[in-house]
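The lines below spell out each chain.
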Amino acid sequence: MPEIVLENITKRWGKFFGVDNVSLNIPNNSFITLLGPSGCGKTTILRMIAGLETPTEGRITIGDKVVFDSNAGINVPANKRRVGFLFQNYALWPNMTVYENISFGLKNIHEEMPVLDVEAKRAGDIIRALQNGTKIKEIVEECRDKNGKLDENKAYVKLIDNYSLSIYTAKELFALGIQQSQDPDTQAKAKATEYEAKLSEIKKKLKSEGKDLNEKFQVTKDGNVVVESRKLTKEEIDSRVRACSRIVKIGMFMDRYPAELSGGQQQRVAIARTLAPEPQVLFMDEPLSNLDAKLRLEMRYELQRLHVETGSTFVYVTHDQMEAMTLATRICLVSNGVLQQYAAPLDVYNRPANLFVADFVGNPSMNFVDGKGKQQQDGSVVLDILGEHKAKFVPNEKILLSDWRAARDKEDADKQEFERQRLMKKGAVEKSNKDEVFKYHVQKVEEQDESIMDEPVITDEDFVLGIRPEAIDIEPSGKINTKIYGAMPTGMESTLKLRVGEFLLTSVIFGNSIYLIGQDANIDIKGKDILLFDRKSGKLITAGTLEIM
């Protein structure tokens, strides 16, 4: 499967930037999730890679082929990009059976492809199955009902699934009657000899024409596979349909119509239909959003298995951070059309690049605590937090805040200069949906309408602590006195709201203890993953430990 590279991709409508200068490298055989709130641009990115949307600027490469380049005037149409697209709405044809839905797109394929000797492949597949006559008999016998009547259609599906056959080959194998023999192994061996002779004759004929067959039964000449522009044969179409249905486990539903299937089964049909043309990349736009919670969880496991079995590159759009965390090898988090962070799920969770990422990823959400203070000689930062408490933040690694701020200011200056240079170019427009520092939420007992409050003056002494709920633990010797404001036990854990003066903190306590509203409790903040953010820019400075003084 190919690597996908996006270079400075922008999509705008007038002055509104749906995607703003996004560069992305999607490695071969990866599972990438495009994550972000509704309207952030993730579906637009997906559609531009697929060719369903034309970027305003930039360059897109799939494998070694440039499929879009605004400067060179290249824009390869979607049907030439060899990508599969699975939409939120499965869009199955209601008047077609499952088989017809999956095979529909295959009938229209007409392109350069290897020449396949169908008769040779069928003979080879039957020879492979005939190596064990007893097994064939056992497979067929499993398809009898309680009255002993044989379900032939079920037997065909069983043979297809066990030996990776087409329906035509399965019927021919069944017709040999191995399952009816008293000595199935002997009869299978005799039949295999006949098919070996048939295969030998096919090869002999090809050899007289200067040709041969490879292990896939493709015709070769002088060691090279013979290629011609053609349509898929019925055998090839059926083989692909059966292979895809086997992967998603819908082999028994081939003759049913979509209305006769559950939501999960319909989704499997849609996946099989997308896989059938053997796309280079599989794109999915919130495909699980129409399913109930339990089925969504089951289908996540199915998608993980599908990714491993197909070896394909998956690009998956979702606004559900739980889906992104559980499915992805890497998460691409987008806000207002701008790439916020592109990293492995646990890196995004433990080391979010900024306040937006920290707030968006994690359930329950991260606690944000305003702090004001300075860096000390020993490298720690002493902060005033939660009204009347003092705390010492100790970085995990040595860091000089003055150097960090200098790098921050240089990066901001470079960004402004880049924007100034961009606006000087002919046809450039200023972005109407301006990028702003994310307005994080500090939980309080009495929430105030921030729109009527004066904007605070932010200095370099203003910080934000990011504390995951699982880092807050109830300890008898804890240095912060709290009162339990809310408690939600789930059996394995309890999610608590803890009141500290006018502030509220969210905590996750593992175990099945009972907590009562109004109960007094002391807490400690533990672990090395407490995050220190720059309030001015919203960017992560570093991670460390927090000592309550």
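Here is what the cut-offs are and how they apply
- Residues numbered from 1 in each chain as written.
- Predicted model: local features only at pLDDT ≥ 70, side-chain atom pairs only at ≥ 80, totals over all residues.
- Heavy atoms only, no water.
- pLDDT = per-residue confidence, 0-100.
- Helix = DSSP H or I, 4+ residues; strand = E, 2+ residues; numbered from the N terminus.
- Axes fitted to C-alpha atoms, helices over the stretch in contact; angles between N-to-C directions.
- Parallel < 35°, antiparallel > 145°, perpendicular 65-115°, else oblique.
- Contact = heavy atoms within 4.5 Å.
- Nonpolar A, V, L, I, M, F, W, Y, C, P; charged D, E, K, R; others polar.
- UniProt positions renumbered as here; feature names shortened; annotations may be inferred.
- Salt bridge = Lys/Arg side-chain N within 4 Å of Asp/Glu carboxyl O.
- Buried < 20%, exposed > 50% of the residue type's maximum accessible area, 1.4 Å probe, protein only.
- Core = buried A, V, L, I, M, F, W, Y, C linked by side-chain atoms within 4.5 Å.
- Phe/Tyr/Trp six-rings, centres within 6.5 Å; stacked < 30°, edge-to-face > 60°.
- Lys NZ or Arg CZ within 6 Å of the ring centre and 35° of its normal.
- Pairing = 2+ DSSP bridges.
- 1 Å grid on protein atoms, 1.4 Å probe; cavity = no way out; pocket = protein on both sides within 12 Å on 5 of 7 lines; lining within 4 Å.
- Points joined across faces, edges and corners; volume = space filled by probe spheres on them.
- Domains from an automatic or database assignment.

Chemist: Explain the confidence of the model for the chain to me, please; I cannot follow it from the model alone.
Modeler: Reading fine detail from the predicted coordinates is not recommended where pLDDT is low. On average, residues of the chain score 90 in pLDDT, and 99% of them are at 70 or above. Mean pLDDT values for the elements of the chain range from 81 in helix 10 (residues 293–310) up to 96 in strand 26 (residues 530–534).

Chemist: Would you explain the packing of helix 6 (residues 167–175) against helix 8 (residues 234–248) in this entry?
Modeler: Two numbers describe a pair of packed helices, the interaxial angle and the distance between the axes. Two elements in contact, helix 6 and helix 8, have axes whose closest approach is 8 Å; the angle formed by their N-to-C orientations is 95 degrees. The angle between the axes of helix 6 and helix 8 places the two elements in the roughly perpendicular class. Here helix 6 contributes Ile167, Tyr168 and Thr169 to the contact with helix 8, which in turn contributes Lys234, Glu235, Asp238 and Arg242. Among the residues forming the contact of helix 6 with helix 8, the class breakdown is two nonpolar, one polar and four charged.

Chemist: How should the UniProt feature "domain: ABC transporter" (unreviewed entry) in the chain be read in this particular structure?
Modeler: Mapped onto the present numbering, the UniProt feature "domain: ABC transporter" (unreviewed entry) falls on residues 4–361. Helix and strand shares over residues 4–361 are 41% and 23% respectively, and the end C-alpha atoms of the span are 25 Å apart.

Chemist: I tried to follow the pattern of salt bridges on my own but got confused; where do I start?
Modeler: Between side chains of opposite charge, a pair can form when the charged atoms approach closely. For the structure on display, the rule yields 38 salt bridges. Of the charged contacts in the structure, one is a salt bridge between Arg122 and Glu235, with a shortest N-O distance of 2.5 Å. Pair noted here: Arg122 is in helix 3 (residues 118–129) and Glu235 is in helix 8, with a separation of 113 residues, a long-range link. Just as Arg122 is buried, Glu235 falls in that class too.

Chemist: When you look at the nonpolar core in this model, what are you seeing that I'm missing?
Modeler: A general tendency of soluble globular proteins is for nonpolar side chains to be buried together. Grouped together as the largest cluster of nonpolar side chains are 41 residues, with contacts concentrated most on Leu465 and Leu546. For this core, the element with the highest residue contribution is strand 27 (residues 540–548), accounting for five residues. Residues in contact with Leu465, not counting those within four places in the same chain, are Asn367, Phe368, Val369, Leu383, Ile385, Phe393, Ile530, Leu531, Leu532 and Leu546.

Chemist: Looking at this model, I keep getting lost on the packing of aromatic side chains. Mind explaining?
Modeler: For any pair of aromatic rings, the description rests on two quantities: the centre-to-centre distance and the angle between the ring planes. Going through the model one piece at a time under the given rule, you end up with eight aromatic pairs. Here the aromatic rings of Trp93 and Phe104 are separated by 5.6 Å at their centres, their planes lie at 55 degrees, and the arrangement is tilted. With Trp93 in the loop between strand 7 (83–86) and helix 2 (98–103) and Phe104 in the loop between helix 2 and strand 8 (110–114), this residue pair connects regions lying 11 residues apart in the sequence. On the basis of relative accessibility, which here comes to 36%, the residue Phe104 falls in the partly exposed class. A cation sits over an aromatic face here: Arg330 above Tyr342, 4.1 Å from the ring centre.

Chemist: Teacher, can you tell me more about the sheet that holds strand 1 (residues 4–13) here?
Modeler: Pairing between the strands of a sheet is mediated by backbone hydrogen bonds and can be parallel or antiparallel. Pairing in this open sheet of five strands is antiparallel, and the strands run 2-1-4-5-6 from one edge to the other. Whereas interior strands pair on both sides, the edge strands pair on one side only; in this sheet they are strand 2 (16–26) and strand 6 (74–75). Here strand 1 runs beside strand 2; their pairing, made up of seven bridges, is antiparallel. Residue pairing across strands places Lys11 opposite Val19, the latter belonging to strand 2. Contacting strand 1, strand 2 and strand 4 (57–62), helix 1 (residues 42–50) runs over the sheet at an angle of about 120 degrees to strand 1.

Chemist: How should the packing of helix 4 (residues 133–141) against helix 7 (residues 184–208) be read in this particular structure?
Modeler: Following both chains from N to C, one finds helix 4 and helix 7 inclined at 115 degrees, their axes separated by 7 Å at the closest point. Classified by the interaxial angle, the pair formed by helix 4 and helix 7 is roughly perpendicular. Across the interface between the two elements, Gly133, Thr134 and Lys137 of helix 4 pack against Pro184, Asp185 and Ala188 of helix 7. A class-by-class count of the residues in the contact of helix 4 with helix 7 yields two nonpolar, two polar and two charged.

Chemist: Can you walk me through the layout of surface pockets in this structure?
Modeler: A water-sized probe rolled over the atoms picks out the places where empty space is left. By volume, the largest pocket amounts to about 1,900 Å³. Along the wall of the largest pocket there are 49 residues; nearest its centre are Asp20, Val338, Lys415, Lys431 and Asp435. Elements supplying a minimum of two residues to the lining of the largest pocket: strand 1, strand 2, strand 4, strand 16 (338–343) and helix 14 (401–424). The greatest single-element share of the lining of the largest pocket, amounting to 10 residues, is contributed by helix 14. Taken together, the residues of the lining of the largest pocket break down into 11 nonpolar, 16 polar and 22 charged. Residue-level mapping places the lining of the largest pocket at the junction of two domains, with at least three residues from each of domain 1 (1–82 + 279–362) and domain 3 (364–397 + 442–548).

Chemist: Looking at this structure, how should I read the sheet that holds strand 9 (residues 212–213)?
Modeler: Pairing in this open sheet of three strands is antiparallel, and the strands run 9-10-11 from one edge to the other. Of all strands in the sheet, those with a lone pairing partner are strand 9 and strand 11 (224–225), marking the two edges. Across two bridges, strand 10 (residues 219–221) lies against strand 11 in antiparallel orientation. Considered in strand 11, the bridge of Lys221 is made with Asn224.

Chemist: Explain unusual backbone geometry here, please?
Modeler: Note on backbone geometry: most residues besides glycine have negative phi, and most peptide bonds are trans. The omega torsion of the bond from Asn363 to Pro364 falls at 0 degrees, within 30 degrees of zero and hence cis. For Pro364, the position within the fold is in the loop between helix 13 (355–360) and strand 17 (367–375). Here Asn8, not a glycine, exhibits a phi torsion of approximately 50 degrees, which is positive. If you trace the backbone, Asn8 turns up in strand 1. You can call Asn8 partly exposed: its relative accessible area is 41%.

Chemist: So what exactly am I meant to see when it comes to empty space enclosed by the protein here?
Modeler: Enumeration over the complete set of coordinates arrives at two cavities of 30 Å³ or more. Taken together, Val248, Arg268, Ile271, Met299, Glu302, Leu303, Arg305 and Leu306 make up the lining of the largest cavity. Counting only elements with at least two residues in the lining of the largest cavity, the list comes to helix 9 (263–275) and helix 10. Of all the elements, helix 10 adds the most residues to the lining of the largest cavity, at five residues. When grouped by side-chain class, the residues that make up the lining of the largest cavity number five nonpolar, no polar and three charged. Reported here for the second largest cavity is a volume of approximately 30 Å³. Asn367, Phe368, His441, Val442, Gln443, Leu504 and Leu505 together form the lining of the second largest cavity.

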